[in-house]
Amino acid sequence: MADPLSKFPIDLNKYQKLKLDPSQPQLTAEQRSILKDNIQLLRDAIVLFTATGAARGVSGHTGGAYDTVPEVCIALSLFEGSDKYLPILFDEAGHRVATQYLLSALEGHIPPEQLLHYREANSKLPGHPELGLTPGVKFSSGRLGHMWPHVNGVALAHRDKVIFCLGSDGSQQEGNDAEAARLAVAQGLNIKLLIDDNDVTIAGHPSDYLKGYDLKKTLEGHGLKVCTVQGEDIDALWGGIASVINYDGPAAVIAKRLMAPGVADIEGSTHGHDVIPVKAATKYLTSRGYPESVVSNIYGSIKPSAFVYSYIGSTKETGANRAIFGDAVNLVLDKLSKEEAAKKVMVIDTASSSGPGDLEGSTGLKVIHQKHPEVFIPSGIMERGNFAAAAGFGFDADKFGVFSTFSAFLEMVISEITMARLNNCNVLCHFSHSGGGYMRSSEEGNHQLIFLANLVDEMADNTCHFGVNSFFADNGLSDVQSWLYFPADPLQMIAVVQHVFFQRGLRFIFSTRSKVPYILKEDGKTKFFDGDYKFVPGKDETIVEGSAGYVVSFGEMLYRSWDAVLRCRQNGLDVGLINKSTLNIVDEQTIKKIGSTPFVLVVESLNQKTGLGSKFGTWLLERGLTPRYGYMGTVKEGCGGLGEQIPYQGLDSQSIIKKIKQLSQ
């Protein structure tokens, strides 16, 4: 029987090349017919292959790429008809990467059947476009809202060309775009924005959570020419695009439409932002006339990747620290009256919604919103402004701002962190999704842990979403102190939050997207951070003493390191383990103890160039301690997938054991 993934069942050769001329702003009947056929063909393809991401549990972001197909088809027809355009469709919403992969297939850079491996590990089809990784991909999108300033530079380098950039109502919320608009207008850059305004983001509906946000007024206020059209009216869309091309200078077409128009189960819904479920995709494709047997065979042949490994030193039970953060904050707020909480605490969300799959839920704030709405401020996708607002609330000595977003976006608020530090503000920051974007779940029996890519809300966004530069938060001088905490399991997360919540200054708490098990004591039965455990900031915890050397770890790497250490101890190597849950403070007693043994190994999932390991060796030398030293961390761009990321970086238990043995010889 043939492999269902060996052939792409939609014939992309049916795509018809078309030439459009903006001096002719009205479509002929033939042009209209060809455009509509091309649009339907590519939309069907996007539904088909993005849903394979749902089948393998790696997400996929169907709606945005599906939405913008009319704009894409028109742009391709313009490229076909003239060399006045730079033939690259930049996109400032990189999660719409399905567009770029489909273009790669259309242009012959990858075979169409490769699309059926969307977001699969090592398929070179990760969750954002990465230049140099995927054949045919012409740019790296980076994070949301970062593309337009880059495109300004491209336009400055190609003043004789018209430059297109796909935009969205979500990406346009980012502050970068305001600066980009001012430069584009000041320099008269020939940039044409094609903005999908579907009133849906990861956060929900901007019309609900960001009152007063109006794309047309905003862009016109910056000085751009703006044309607003109904995006599903192909004649109106072409007329709008033709008009902005004929305008000499920066201009935008705002295409109003429902999210995923024509896809019954997700149309107009926030669910359309993420991957279309297999059931909904099957329903859509069969309604379009594709054989259900073919579609079902494709999705049925895909199984989530599984990595079986029997860990020791931790529980079968797991918990999501990123969600536990919100529960822990509620435990603090529960002790206050509603009036006292509202006066003393403000929690601001980088993208608020009560719907499923939103950023608020991903970073633990959803439960705070639900239980303590008196402290909650909904906001948009505006990391810099939201962090600064949290800091401003905490400008008074007895008020405390709480801010949360993905750890990768910490790099976007460095200047605001400095501003908060200069003003002695009180801010508690939770940065989730630290490290390399992987997950795990457990299976009963034999303490067997299976790494499964089996949750639709897990995102294989790859390198640009890796939160690996957490130490950037500690950017003050030596005469001021910030606190970086990375709890190892849900019990320690609760202990950390409760202890540091009302401490003054800047406090940063990190968590992973993946669930983690509970750390056990050496007896293999008792939870280490349960019972009478008390968290002490700056104090390292000795998980087990050792005479041959020590491993120093934290966060989600602690249970992996503990497994490696226990296996070495079983083989007669007396290795110790330290949990360094306060990342940036030297525990003098602990460092003297471990630095006096034969070796020290730091194991982390942060960037090896900027993480704990890059500092710990210096700390040892400054104290005259000279053990053999090694450190392990994230060292290369991601491979896609989910559970595959840790072994790909060489951070699995067996790799840790190998490094321990090398240092102990």
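Each remark here, short or long, concerns the structure printed above.
Numbers given to residues run from 1 along each chain, matching the order in which its sequence is written. Only residues with pLDDT of at least 70 get local features here, since the model is predicted, and only at 80 or more are side-chain atom pairs given and counted; chain-wide, interface and lining totals rely on the full set of residues. To obtain the side-chain values, all non-hydrogen atoms of the structure were used and water was disregarded.

Novice: Would you mind showing me how to read the layout of surface pockets here?
Specialist: Over the atoms, a rolled probe matching the size of one water molecule traces out where space is still vacant. Roughly 450 Å³ of internal volume is contained in the largest pocket. Computed over the protein atoms alone on a 1 Å grid, cavities are sets of points where a 1.4 Å probe fits but cannot get out and pockets are open sets with protein on both sides within 12 Å along at least five of seven lines; a residue lines them when it has an atom within 4 Å of a point. Tyr15, Lys17, Ala105, Leu106 and Glu107 are the residues nearest the centre of the largest pocket, which is lined by 20 residues in total. The leading source of residues in the lining of the largest pocket is helix H3 (residues 69–81), at four residues. Ten residue types, Ala, Val, Leu, Ile, Met, Phe, Trp, Tyr, Cys and Pro, are classed as nonpolar, four, Asp, Glu, Lys and Arg, as charged, and the remainder, Gly among them, as polar. Each residue belonging to the lining of the largest pocket can be placed in one class, and the counts come to 13 nonpolar, two polar and five charged. Grid points are joined across faces, edges and corners, and a volume is the space filled by probe spheres set on the points. Under the scheme used here, helices are H or I runs from DSSP no shorter than 4 residues and strands are E runs no shorter than 2 residues, and both carry numbers assigned from the N terminus.

Novice: For this particular structure, what's the right way to read the pattern of salt bridges?
Specialist: Should the charged atoms of two oppositely charged side chains come close, the side chains can pair. Throughout this description, the term salt bridge denotes a Lys or Arg side-chain nitrogen within 4 Å of a carboxyl oxygen of Asp or Glu. Using the criterion set out here, one finds 26 salt bridges in the structure. As a salt-bridge pair, Asp91 and Arg96 come within 2.6 Å of each other at their nearest N and O atoms. Here the term buried applies to any residue with accessible area under 20% of the maximum for its type, exposed to any over 50%, and partly exposed to those in between, with areas from a 1.4 Å probe on protein chains only. Given a relative accessible area of 2%, Arg96 falls into the buried group. Taken together, the shared-partner salt bridges in this structure form one network comprising Arg43, Glu71, Asp196, Glu232 and Arg257.

Novice: Quick question: what am I supposed to make of unusual backbone geometry here?
Specialist: Trans peptide bonds make up most of the peptide bonds, and negative phi angles are found at most residues other than glycine. In this structure, Asn122 takes a positive phi of about 65 degrees despite not being glycine. Counting through the fold element by element, Asn122 comes out in the loop between helix H4 (98–106) and helix H5 (147–157). The residue Ala260 is not glycine, and still its phi comes out positive at about 50 degrees. By secondary structure assignment, the location of Ala260 is in the loop between strand S5 (251–256) and helix H10 (278–287).

Novice: Just checking my understanding: could you explain the pairing of strand S18 (residues 549–553) for this structure?
Specialist: Successive residues of a regular strand alternate their side chains across the two faces of the sheet. Summarising burial for S18: five of the five residues are buried, a large majority. Both faces of S18 are covered, namely the face carrying Gly549, Val551 and Ser553 and the face carrying Tyr550 and Val552. Pairing between two strands is assigned when DSSP locates at least 2 bridges connecting them. In the sheet, S18 pairs with strand S19 (residues 575–579) via five bridges, with the strands oriented parallel. Of the residues in S19, the one forming a bridge with Val551 is Leu577.

Novice: Looking at this structure, I do not really get the side chain of Thr270. What am I missing?
Specialist: Residue placement: Thr270 occurs in the loop between S5 and H10. What makes Thr270 buried here is its relative accessible area of 19%. In contact with Thr270, not counting residues within four places along its chain, are Val200, Gly204 and His205. Whether two residues are in contact is decided by their heavy atoms: any pair within 4.5 Å suffices.

Novice: For this particular structure, what's the right way to read helix H18 (residues 490–500)?
Specialist: Think of an α-helix as turning once every 3.6 residues; residues three or four places apart then point the same way. Within H18, burial applies to Pro490, Gln492, Met493, Ala495, Val496, Val497 and Val500. Here a polar contact means two N or O atoms within 3.5 Å. Within protein one must be a hydrogen donor candidate and the other an acceptor candidate, and residues neighboring in sequence count only if both atoms are side-chain atoms. Where H18 begins, the capping side chain belongs to Asp489, and its oxygen is found 3.1 Å from the backbone nitrogen of Leu491.

Novice: What is the right way to look at the sheet that holds S5 in this model?
Specialist: Sheet strands associate in pairs through backbone hydrogen bonding, adopting either a parallel or an antiparallel arrangement. Pairing is parallel across the open sheet formed by five strands, whose spatial order is S1-S2-S3-S5-S4. Of all strands in the sheet, those with a lone pairing partner are strand S1 (85–91) and strand S4 (225–230), marking the two edges. Sheet twist, expressed as the average angle between the axes of neighbouring strands with direction ignored, equals 20 degrees. Pairing geometry for strand S2 (residues 162–168) and strand S3 (residues 191–197), over six bridges, is parallel. Bridging from a neighbouring strand, Cys165 pairs with Leu193 of S3. Only C-alpha atoms enter the line fits that serve as axes; for helices the fit covers just the stretch in contact. Angles between N-to-C directions range over 0 to 180 degrees. Against the sheet, H5 contacts S1, S2 and S3, and its axis sits at roughly 165 degrees relative to S1. Seen against the sheet, helix H9 (residues 234–245) touches S1, S2, S3, S4 and S5 and runs at an angle of roughly 170 degrees to S4.

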